[in-house]
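Breakdown of the fold
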Amino acid sequence: MMLFRDIVVWAVQALLFCLGIGMAGLGAHLASPLIAGILGIDGLIAAAVIFFAVVAALGWIGNRFWPAGWMHNPLL
């Protein structure tokens, strides 16, 4: 049951992340290039993808090398 809960949580997080990136991209596409440039949406999408990839990698490394006794992650 813990594995199912972890998979559901990860799937919901991935869905919300993709939805946010998609909405930002759609906003940049539908809005004029001037508005997209002012808001910096084109740079924000790349920065968000890189940030979350680095944080996920650091979190995985941290869980792999310094596992806490109270933490249960069957996927590691």
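What you see is a predicted model; the values in this text were computed from it and never measured.

With that out of the way, let us pick up the overall build of the protein chain. Counting secondary structure elements, the protein chain contains three helices and zero strands. Ordered by position in the sequence, the α and β elements of the protein chain form the string α-α-α. Looking at the protein chain as a whole, 7% of its 76 residues are labelled buried. If you sum the accessible surface of the protein chain, you get close to 6,100 Å²; carbon and sulfur atoms cover 79% of it.

With that out of the way, let us pick up the pattern of salt bridges. All chains considered together, the criterion is met by one salt bridge. One salt bridge connects Arg5 with Asp6, and the closest N-O pair in it is separated by 3.9 Å.

All right, on to the confidence of the model for the protein chain then. Across the protein chain, the average pLDDT comes to 76, with 79% of residues at or above 70. Looking at the elements of the protein chain, mean pLDDT is at its lowest for helix H2 (residues 33-39), recorded as 70, and at its highest for helix H1 (residues 2-30), recorded as 81.

Calculation criteria
- Residues numbered from 1 in each chain as written.
- Predicted model: local features only at pLDDT ≥ 70, side-chain atom pairs only at ≥ 80, totals over all residues.
- Heavy atoms only, no water.
- Helix = DSSP H or I, 4+ residues; strand = E, 2+ residues; numbered from the N terminus.
- Buried < 20%, exposed > 50% of the residue type's maximum accessible area, 1.4 Å probe, protein only.
- Areas by Shrake-Rupley, 256 points an atom, 1.4 Å probe, with all protein chains shown as cover.
- Salt bridge = Lys/Arg side-chain N within 4 Å of Asp/Glu carboxyl O.
- pLDDT = per-residue confidence, 0-100.

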